[in-house]
Amino acid sequence: MSERAKGVRIEVLRDLLKEAQEEGLTTTSEVCNGLIKPRTEEKQCAYVDTLPSDLVADATVFVSHAWRYDLADSVDVMEQYEAEHPGSVFWFDLVMNSQHGVEERPFEWWCHTFQHSIEQIGTVVLVLAPWSSPIPLTRSWCLFEIMCSLNAGREKVDFQIRLPAKQEEHFVSSMCKRSDGALKALVGVKTEASEAHLQSDRENIFKAVEATIGFQKLNTMVNNHMRDWFLDQGLRAVQQLEPLVKRSKDELQAASSSNSNSDSKSDSNSDSNSDSNSDNNSDNTEVSYASRCHQFANMLSSFGQHARALSFYQRALDIRRAVLGEENVYTADTYNNMVVLLSTLGRYDEALEASSKARAIYSSLFGEDHADTAGTYHNSALVYRAKGMYKEALENYHKALGILLKVNGEECANTATTYSNIALVLDRLGEHEQALEHYNKALAIRHKVLGEDHPDTAGAYNNIANVYDSLGRFKDALACYARALAIRQRVFGDDHPDTAATYNNMAVTHKLQ
């Protein structure tokens, strides 16, 4: 039986970080060259070999990280894990491997060291930063560690993604402003573009990936874990404010009850200011909570969790109507975003009502010739199309397109979407050549504006394939479906409704050939 992989206790890493900061050393690489190597130079050993035995034990966590990180980020993640799992012992390559003669060791040595340690330890924590463009996914050795973890399966290796606290804060801040950051991060996952210090290591790692699961599956597996993490963090961001919302409401109710039961009168200006501040604090908290619910719903919707997304939109809408009022742009935003979900769930009348309310608010605030007003025409058309009312759908799509071309021009993602949806209706009406023309316009815009690897570009390929099916051009259809499937698998995974739909479309086309 091989010897158990060892690790160090959190105290070792805390002390190392403190010394590094005192010396002005920041990244893991700088700490290696400025502290670790000088201290182990004489014995040519690993840092762990210089430590007292009570600080070393069988490892319980393998830490995967990039050497370009600040050491503080990696230690922060280990501190988080230690707080949840007291007594953890960390396998951290900076201290566990000798940093002397690194380039002289063959690839097989490193391969065995990492794989053996991962399988023995059974828990891998990937330090991910920055959340929007993670460095580890650009480094070949991190890629190898991820592959070993995922290849072993969940029953053997618990693979976790964790972010330093400041990155979690950045994610929450970003989510509160825009919800598409998570989707963009998933689109950006391209493990086949990773690099290594030694070109030979990169080549060997790539061979290992291609000989086992392949890059497409690896990208999908990484995205699955990242998507789960984004959803967990999004829910946490919402839940963080729930106690504050409840406390604000309770305090406001208590103050109101106290005032109504009091027989004495105090200075009216003082009372007025006090009540106003209480109301403002409560309102601000509720508005922030509503914003998080709305953006989390956007994220859920983009990941195909429609019913769950609708429940969070409803929370946001209830608060925005109560606090901001009906004639408010944020209230309109929530109405507008609910339209597609209600239609997807077959609740067409509710969807049209929400679209009408959003359009009335936008028109009142911004006028007819505004992108937001165009969006409501577009969403109404989606509902009419779902109901099979194609004449009404085309009327609304053309209204939306006219406004968008006037306001944003041709090279705009929303313009592309409108072209695409006009094409869909034309295809349903049997106007296949016109449909193909509009779909190709949408694809060209999406290529230019969003890039090849965006889900909307995948949608364009899928739609063009549908028309090819109608025209009997089955070979062309399968080629387009394949491009759509590759993007959707990597970004969304196999469990997403769009991925499943593409599989189904390909199966039907194969039968038609």
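The paragraphs below set out a description of the structure included in this document. (Residues numbered from 1 in each chain as written. Predicted model: local features only at pLDDT ≥ 70, side-chain atom pairs only at ≥ 80, totals over all residues. Heavy atoms only, no water.)

## Here's the deal with unusual backbone geometry
Move 1: At the junction of Ala-129 and Pro-130, the peptide bond is cis and its omega measures out at -15 degrees in the coordinates.
Move 2: As for its position among the elements, Pro-130 is in the loop between strand S5 (123–127) and helix H6 (140–152).
Move 3: The phi torsion at Gln-44 lies on the positive side, around 50 degrees, for a residue other than glycine.
Move 4: Checked against the element boundaries, Gln-44 lands in the loop between helix H2 (28–40) and strand S2 (56–58).
Move 5: Residue Gln-44 is classed as partly exposed on the basis of its relative accessible area of 43%. (Helix = DSSP H or I, 4+ residues; strand = E, 2+ residues; numbered from the N terminus. Buried < 20%, exposed > 50% of the residue type's maximum accessible area, 1.4 Å probe, protein only.)

## Quick notes on the packing of helix H12 (residues 306–323) against helix H13 (residues 329–344)
Move 1: Their axes nearest at 9 Å, the elements H12 and H13 cross at an angle of 155 degrees. The orientation of H12 with respect to H13, classified from their angle, is roughly antiparallel. Every pair of crossing elements has a handedness; the one defined by H12 and H13 is left-handed. Facing H12, whose interface residues are His-306, Ala-309, Leu-310, Tyr-313, Gln-314, Ala-316, Leu-317, Arg-320 and Arg-321, H13 presents Tyr-330, Thr-331, Asp-333, Thr-334, Tyr-335, Asn-337, Met-338, Leu-341, Leu-342 and Thr-344. (Axes fitted to C-alpha atoms, helices over the stretch in contact; angles between N-to-C directions. Parallel < 35°, antiparallel > 145°, perpendicular 65-115°, else oblique. Left-handed = near helix turned anticlockwise from the far one by under 90°. Contact = heavy atoms within 4.5 Å.)

## Concerning the environment of Ala-46
Move 1: Mapped onto the elements, Ala-46 comes out in the loop between H2 and S2.
Move 2: Its relative accessible area of 5% is what places Ala-46 among the buried residues.
Move 3: Ignoring anything within four residues of it in the chain, the contact list for Ala-46 reads Thr-40, Val-95, Met-96, Asn-97 and Ser-98.

## Some words on a nonpolar patch on the surface
Move 1: Among the surface-exposed residues, Val-287, Leu-324 and Tyr-330 lie close enough to one another that they form a single nonpolar patch of about 230 Å² accessible area.
Move 2: Its place among the elements puts Tyr-330 in helix H13. (Patch = residues over 30% accessible without salt bridge, like charges linked within 9 Å, V, L, I, M, F, W, Y side chains within 5 Å. Areas by Shrake-Rupley, 256 points an atom, 1.4 Å probe, with all protein chains shown as cover. Salt bridge = Lys/Arg side-chain N within 4 Å of Asp/Glu carboxyl O.)

## Describing the sheet that holds strand S1 (residues 6–9)
Move 1: Ordered in space as S2-S1-S4-S3-S5-S6, the 6 strands form an open sheet in which the pairing is mixed. Of all strands in the sheet, those bounded by a partner on one side alone are S2 and strand S6 (158–162). The mean angle between the axes of side-by-side strands here comes to 40 degrees, regardless of whether they run parallel or antiparallel.
Move 2: Here S5 pairs with S6 via 5 bridges, running parallel. By the bridge assignment, Thr-123 is partnered in S6 with Asp-158. (Pairing = 2+ DSSP bridges.)

## Describing the state of the cysteines
Cysteine pairs can be covalently joined through their sulfur atoms, and such a bond is termed a disulfide.
Move 1: Counted under the stated rule, the structure contains 0 disulfides.
Move 2: Of all cysteine sulfurs, the one in Cys-45 lies closest to Cys-32, which takes part in no disulfide; the gap is 13 Å.
Move 3: Cysteine Cys-111 remains unbridged, with the sulfur of Cys-148 as its closest cysteine sulfur at 6.2 Å.
Move 4: Residue classification places Cys-111 among the buried positions, given a relative accessible area of 16%. (Disulfide = S-S within 2.5 Å.)

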